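Structure at a glance
This is what each chain is made of:
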Amino acid sequence: QPDANLKGAKFERLAKSVIEQLRGLGHSAAEAELELFSLRKMDKARTKVVYCRNATVASLEAASFAWHEGCQNIPALSLRDWSENKDEKTGKSHPVPVESATVFPVKLQRFLNSVWKRDGDMAGKVRIFEPADGLRLLLEDPCDALAKHMMERFMRHAQGYFLTLCRSVGNHEIAKLPDKMYYPGILGLLLFKSGERKDEYMNESAFLLGRCLRVADELHRLYCEVVRKNALPPELCGSSLLVGTMESPGMSLSQLAMRSAPYVKWARGGSDKGEKGGLVWYWLKQWEVIADQLHTQEWPKRLTPEERAQVFLGYLSSFPKKENP
């Protein structure tokens with residue numbers, strides 16, 4: 001049994017504690033095969049074994065390390081949430097960065113089975129995946145077929161969640177969504193288990209398109225703040241194309257070029273932008289860099305579930321610190 005003091009601990013800390021205790025049992029235990037299994041209660045009298053697999057301490061340690069690495073297979077993100085502790089003077093919570101956390105394997109199915117509406121409300125839950133499926137993803141190698149199946153369902157069920165999250169980031173708002181520390185990391189985990197590493201997919205077309213949509217929203221928002229005196233539309237030009245991008249990325253990119261043209265032209269112009277001038281210059285430079293990268297990419301007619309995940313991660317990814325104009 002793990003240390004009682006580790007109750008509520010993060011996955012990586014708890015996994016390390018379990019491995020250390022197993023190694024501390026001696027050489028024979030370290031070399032022995034462990035039998036890992038998942039049980040399901042059928043009724044009051046019957047319990048069924050739904051998954052069973054043998055593993056060594058070394059293989060379990062390697063699997064735990066890879067699982068944590070997979071959940072960190074995402075770029076730095078521009079996500080914020082309200083602090084749990086309230087300010088002593090105002091008595092109110094304040095925005096704090098969201099730190100990505102590693103989901104426990106047996107809890108993965110909770111997120112995969114949750115269905116979200118486009119407005120960010122929970123639509124309900126389905127029963128497709130079981131806790132044992134998380135153990136399969138953790139312990140079995142190769143597992144790319146299972147990871148791709150999970151990604152396909154996750155992109156269907158959680159698309160509304162990520163659409164709401166992206167819109168809130170573009171509007172510089174804090175979305176009232178739960179578990180923001182887990183959802184992006186699950187995308188990273190499933191990409192990792194499918195053989196997609198962040199140092200590779202962050203240079204590919206889908207991820208770059210997500211970043212381009214985000215920069216378009218930043219320019220559009222600044223235009224509305226300066227020219228329209230803070231009169232923001234219901235949707236900014238980039239995030240309004242997220243749904244269309246999932247179906248036809250090439251067409252959405254053409255629409256983005258047309259819709260964003262007035263805001264890019266304004267950003268490049270010499271009109272007075274007041275105190276927003278530095279920000280406008282910064283985001284215009286980001287636009288030009290990403291536009292140059294996109295011109296060298298080949299575009300699929302339709303995005304795979306993995307590429308859809310990359311679009312969302314591209315939009316939510318953070319940008320380098322502002323430079324002086």
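Residues numbered from 1 in each chain as written. Predicted model: local features only at pLDDT ≥ 70, side-chain atom pairs only at ≥ 80, totals over all residues. Heavy atoms only, no water.

Things to note about the state of the cysteines
Our working rule: In this description, a disulfide is simply a cysteine sulfur pair whose atoms lie within 2.5 Å. Burial classes: relative accessible area under 20% of the type maximum marks a residue as buried, over 50% as exposed, and values in between as partly exposed (1.4 Å probe, protein chains only).
Under the definition given, this model contains 0 disulfides. Among the cysteines around Cys212, which has no disulfide bond, Cys237 carries the closest sulfur, lying 9.2 Å off. Using a relative accessible area of 4% as the deciding quantity, one classes Cys212 as buried. Left without a disulfide partner, Cys237 is nearest to the cysteine sulfur of Cys224, which lies 8.9 Å away.

Regarding the pattern of salt bridges
As a reminder of what qualifies: Counted as salt bridges are all cases of a side-chain nitrogen of Lys or Arg within 4 Å of a carboxyl oxygen of Asp or Glu. Where helices and strands are cited, they refer to DSSP runs of H or I of at least four residues and of E of at least two residues respectively, numbered from the N terminus.
Applying the stated criterion to the full structure yields 15 salt bridges. Among the salt bridges present, the one from Asp133 reaches Arg136, with a minimum N-O distance of 2.9 Å. Separated by 3 residues within a single helix, Asp133 and Arg136 lie in helix α5 (residues 131–139), roughly one turn from each other. The class for Asp133 is buried, based on a relative accessible area of 12%. In this structure, the salt-bridge partner of Lys285 is Glu288, at a minimum N-O distance of 3.9 Å. Taken together, the residues Lys285 and Glu288, both in helix α13 (residues 277–294) and 3 residues apart, mark about one turn of the helix. Judged by relative accessible area, which is 37%, Lys285 ranks as partly exposed.

Some details on the side chain of Lys273
Note the threshold: His is not counted here, nor are the chain ends, while Lys and Arg score as positive and Asp and Glu score as negative. Counting of polar contacts relies on pairs of N or O atoms within 3.5 Å, with two restrictions inside protein: one atom must be capable of donating a hydrogen and the other of accepting it, and residues adjacent in sequence are counted only when both atoms are side-chain atoms. Only heavy atoms enter the contact rule, under which two residues are in contact if any of them lie within 4.5 Å.
Its place among the elements puts Lys273 in the loop between α12 (249–268) and α13. This buried residue, Lys273, is left without a salt bridge; Asp272 holds the nearest opposite charge, at 7.6 Å. Engagement of the side chain of Lys273 in a polar contact is seen with the backbone oxygen of Ser271, the distance being 3.2 Å. With residues near it in sequence (within four places) discarded, Lys273 still touches Val226, Trp266, Ala267 and Val280.

Some remarks on the environment of His295
You can see His295 is positioned in the loop between α13 and α14 (305–316). Classification of His295 as exposed rests on a relative accessible area of 70%. Distance in space between the C-alpha atoms of His295 and Gly91 is 50 Å, their sequence separation being 204 residues.

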